[in-house]
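Given next are the chains, with one letter for each unit.
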Amino acid sequence: MYVYQDYDQRLLQERVAQYRDQTRRYLAGELSEDEFLALRLQNGLYIQRYAPMLRISVPYGMLASQQLRTLANVVREYDKGFCHVSTRQNIQLNWPELEDVPDILEQLAGVQMHAIQTSGNCIRNITTDELAGVNPKEIEDPRPWCEIIRQWATFNPEFAYLPRKFKIAVNSVPDADPALIGVHDIGVQVLHDSNGETGFQVWAGGGLGRTPMTGAVIGEFVPWQDLLPYLESILRVYNKYGNRDNKFKARIKILVKALGPEKYRELVEAEFAELKGGAMTLTEEEVARIKNCFQTPEYRSGVDSTALQSALDENRAFNRWFHTNTRAHKQAGYRAVVLTLKKTGRVPGDVSDEQLDAIADLADRYSFGEARNTHQQNMVLADVAADQLFEVWQQLDALGFATPNLGLITDIVACPGGDLCSLANAKSIPIAEGIQRRFDDMDFVHDLGPLDVNISGCMNACGHHHIGHIGILGVDKKGKEFYQITLGGRGDKLSHIGEKMGPSFEADEVTGVIDKIIRLYVDNRLENEPFIDTYERIGMDPFKEAVYG
Amino acid sequence: MGKLILDGEIVDNQWQRFDAGQLEQESLPDSGAVIVPLAYWKEHKAALLERSDPVGVCLEPGEEPVDLAEDLAALPLVAIHFPAFKDGRGYSYARELRTRYGFTGEVRAVGDVLQDQLFYMHRVGFNAFEVRADRDIEQALNNGLRPFTVTYQADVHDNRPIYRRRHELEEVSDV
């Protein structure tokens, strides 16, 4: 992980003092609602349906065990014993008091955590592949680049009042998009040129929300030295020309689309020409310093996997979990273990204080003291030795984190929805639970194979419904909750926006509709053909017929 | 006469600013420092340059420094108007004035100018702030201008980002 220098820590302490004073002035009536709104949002604080919601930044999803324990303390002391893993790898508290937030920030700052720029019209948390650094398919670890971007974005004076929120993701896996760069305001794809030098293909103008679309390539190959000048150029063009009259047309995607990628590139190149080669150029020394923070842990060599093999042969439940919830690792003898936070009856992505403490202990014992949040609202222990997998599984099972449903129909991604969020048009959580209860036969769930189900309670799309193979969007019709279904979205390969099926459904119809979709798939699939492939082969019509016919 | 923050001190505002609406109703006073809208400047440039007292130009959002580039050498002051503090275009304009056009005169933030944005404004090149009249300008100066001693990016005061001046910061933190 990135290790804070004295000055990084000082910055956080100064931030706590600043926000404490802002809160004090608001409570004393020295700041208007509107003025404080912008300030608290830049600190991740929303005023929600029943209470404020505080979004805590987790840069590229990485959490050290000490941070997990502090989060557990915060959740215990200031919330109702639960927090929520968000689809941008952050942590959300749903019940803090506005007055307590400065104290919460103080505690978080003690473990190098904060809520800086987790909301508001500024550059948000930088996200990446949750398996960064251990993914055997990546060409290099993307996290140093994320950290370099994070520092540039933190309190960047020119880009604090953008037309709209701004999300950046970095991907280092070729031919796949685990960081969803295609649907980010800026997507950064790490590449190597023929000499093995690192550079970036830079995408701009992707996004979900209202008017979802995938981005366009603006920079074909930006040498690593030029990463920040290039990003700054994209941001400056957006800051100057992004729409500020209509909130719904204010994202960069609208500007890129209106100008066309060619014109946008031209404007960026003009800015970049001025910055290129200047003092912002990254230095080898700095990149080396940051890379040094993400060193390979001290893996054991020659991990004996005999016991693992016999456990896999003997224990069917363990075998199923191993094949479903663990992932291949760069290092021989190791696996990345995903903790599924999707047990039926539990809010997708919710974790309790006790569980956070337990995950911290597991991280310390089995995974070099680190865990990660995933954009599918699960968590990861990225470095577990094969000879400890059985032990880890047993402990995860006891904690309720070993439901073997990763990437399957019940591993549902859902925003907090109308139960908690004041932006939502409809509830998400009961819809997720309804589907999980309908598909309660784990053999059948496995037989169905990979299936991404994503639910958003409104078109802000926090549940990423556009990129679910099956997407469910809550809509409001004359004060009543309805749900619109999309099919064919993808967030598993290169991002693709799903297609609307047709008229929306009432809440109690949704499970039945999903059931019909699944039955049609089962009837039409070829051998071992995943849902999304069947959909892409046969198209929307048969599904429509099955549901509306 | 109002107050403003200029180069880190609270001083009397020596300039009178006229917006387009005012200039439709009344004409400029014969003497005194004035700030006029960009369109007015363009239309009356010759006459304005004749004045014995200084003239500055105010940019609205959507009016960029490039529109004024050729005139900057003749101007002691460029104001940038923030109709609402959330409209951040002015930050890019100030930065361009300083770094692209090398403008060394006064760059003044006017309009919805508040304590909590001063730090950012200062870093992108504003050196004068007409803090909104209903707010405490002393508090804004004391608490708003430099809430942070650490910055990661380059800015108009130091074109080196953190990775070219880390060692200085580390020395400071040892004190």
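The structure under discussion appears in the preceding block.
Fair warning: this is a prediction, and the values are worked out from it, not measured in the lab.

Caption draft 1: The overall build of chain B, seen in detail. Helix and strand content of chain B: seven helices and eight strands. The C-alpha radius of gyration of chain B comes to 17 Å, within 12% of the 16 Å expected for a compact globule of 175 residues. Taking the principal axes of the C-alpha coordinates as reference, chain B spans close to 60 × 35 × 30 Å. Taken across its 175 residues, chain B has 54% of its residues classed as buried. A fraction of 46% describes how many contacts in chain B between residues 6 or more apart in sequence connect residues 24 or more apart.

Caption draft 2: Local environment of the interface of chain B and chain A. In this complex, chain B contributes 42 residues to the contact, which on the side of chain A involves 51 residues. A combined buried area of about 4,200 Å² lies between chain B and chain A, and 49% of that area is made up of carbon and sulfur atoms. On the chain B side of the interface with chain A, the three residues burying the most area are Tyr120, Tyr152 and Tyr163 of chain B, jointly 19% of the side's total. A salt bridge links Arg95 of chain B to Glu232 of chain A; the shortest N-O distance between them is 3.6 Å.

Caption draft 3: Here's a closer look at the packing of aromatic side chains. If you walk through the whole model with that rule in mind, you get 28 aromatic pairs over all chains. Centroid distance Tyr161 of chain A to Phe85 of chain B: 6.0 Å. Interplanar angle 80 degrees. Geometry classified as edge-to-face. Residue Tyr161 of chain A is found in the loop between helix H5 (143–153) and strand S7 (168–171), and its partner Phe85 of chain B is found in the loop between strand S6 (77–82) and helix H4 (89–100); the two belong to separate chains. The class of Phe85 of chain B is buried, set by a relative accessible area of 3%. Linked through ring pairs, Tyr161 of chain A together with Phe82, Phe85, Tyr91 and Phe126 of chain B together constitute an aromatic cluster. In this arrangement the basic side chain of Lys80 of chain A is found over the ring face of Trp95 of chain A, its NZ or CZ atom lying 3.7 Å from the centre.

What counts and what doesn't
- Residues numbered from 1 in each chain as written.
- Chains lettered and ligands numbered in written order.
- Predicted model: local features only at pLDDT ≥ 70, side-chain atom pairs only at ≥ 80, totals over all residues.
- Heavy atoms only, no water.
- Helix = DSSP H or I, 4+ residues; strand = E, 2+ residues; numbered from the N terminus.
- Rg over C-alpha atoms; globule rule 2.2 N^0.38 Å.
- Buried < 20%, exposed > 50% of the residue type's maximum accessible area, 1.4 Å probe, protein only.
- Contact = heavy atoms within 4.5 Å.
- Buried area = accessible area lost by both parts, 1.4 Å probe.
- Salt bridge = Lys/Arg side-chain N within 4 Å of Asp/Glu carboxyl O.
- Phe/Tyr/Trp six-rings, centres within 6.5 Å; stacked < 30°, edge-to-face > 60°.
- Lys NZ or Arg CZ within 6 Å of the ring centre and 35° of its normal.

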